[in-house]
Amino acid sequence: MTTFQHIADKTVLNNGIEMPWLGLGVWKTKEGDEVVNAVKYALQAGYRSIDTAAVYGNEAGVGQALRESGVSRDELFITTKVWNADQGYDSTLRAFEESRKKLGLDVIDLYLIHWPVKGKYTETWKALVKLYQDGLVRAIGVSNFQVHHLQDILDSSDIVPAVNQVECHPLLQQKELRAFCKDKGIQLEAWSPLMQGNLDLPLLTELAQKYGKSPAQIVLRWDLQSGIVTIPKSISEGRIRENANVFDFSLSPEDMQRLDELNQNKRFGPDPDNFDF
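Residues numbered from 1 in each chain as written. Predicted model: local features only at pLDDT ≥ 70, side-chain atom pairs only at ≥ 80, totals over all residues. Heavy atoms only, no water.

A. Inspection of the packing of aromatic side chains at higher detail. Applying the stated criterion across every chain, the model contains eight aromatic pairs. Aromatic side chains Trp115 and Phe275 sit 5.0 Å apart centroid to centroid with 45° between the ring planes, which places their arrangement in the tilted category. Separated by 160 residues along the polypeptide, Trp115 in the loop between β6 (108-113) and α4 (121-133) and Phe275 in the segment after α10 (253-260) bring together distant segments of the chain. Taking the relative accessible area as the measure of exposure, Trp115 reaches 5% and is therefore buried. Centre to centre, the rings of Tyr121 and Phe145 are 5.3 Å apart; their planes meet at 70°, and the pair counts as edge-to-face. Within this pair, whereas Tyr121 is found in helix α4, its partner Phe145 is found in the loop between β7 (137-143) and α5 (147-156), the two being separated by 24 residues in sequence. Judged by its relative accessible area of 8%, Tyr121 is buried. Taking relative accessible area as the criterion, Phe145 reaches 0% and is therefore assigned buried. Linked through ring pairs, Trp83, Trp115, Phe275 and Phe277 together constitute an aromatic cluster. Here the guanidinium or amino end of Arg221 rests over the ring plane of Phe249, the centre of that ring lying 5.9 Å away. (Phe/Tyr/Trp six-rings, centres within 6.5 Å; stacked < 30°, edge-to-face > 60°. Helix = DSSP H or I, 4+ residues; strand = E, 2+ residues; numbered from the N terminus. Buried < 20%, exposed > 50% of the residue type's maximum accessible area, 1.4 Å probe, protein only. Lys NZ or Arg CZ within 6 Å of the ring centre and 35° of its normal.)

Below, the structure is given as structure tokens:
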């Protein structure tokens, strides 16, 4: 049985690489001091996984924070993603080099296809496979892929994505997708786990009082106990520390069930089958 008792606890991906269950997301975190400080706060609080993307425009700041933090490279797990405009085989390889240079890293721990751009993502995947086989990436995966997108990858490649990072939270539980990923050995990872701040739900308030935690901490604990890697985003040192303080309690099976019943298939972000960027 998987336990979640410490911020250093990790899941094992389908290629044997270990990935922390909890990380810091830096979407919409401004390049410069804002992202540098957020990453440093997280590392000081014990986080070792940082999730960025080319389109966030803050890879250089993430790299600066990593270098200045004093945390050894082998303790860190760094994720970035190829943006839609760069998809395709050769352009993905070029985009990867750009990301690697900005981050100041020889090897990226996890490289993801950011969105399933129609007509492009299977070629993009071939580029990720090359990067993986060349030892430039420790694991490769996808983001915002539905079951049919994943099936296209599985049909066209011998390499199964290690991770699928998608919008997932109590109001959008992605049950079919989660079951498919589990069956194929793909680790599900949640972006916007805190529903972009929409935490004002009576059950979350009730459980927060019961466990002496915040609604955000209840949601993050639900993620962990559901076997979902989670990367809450914050720039506040206090909130970053609060989000990490979810390893000293467990939700009962009954309360997990009640949270499971909140699902409404409600998205706060774009639909992977209908996006135009």
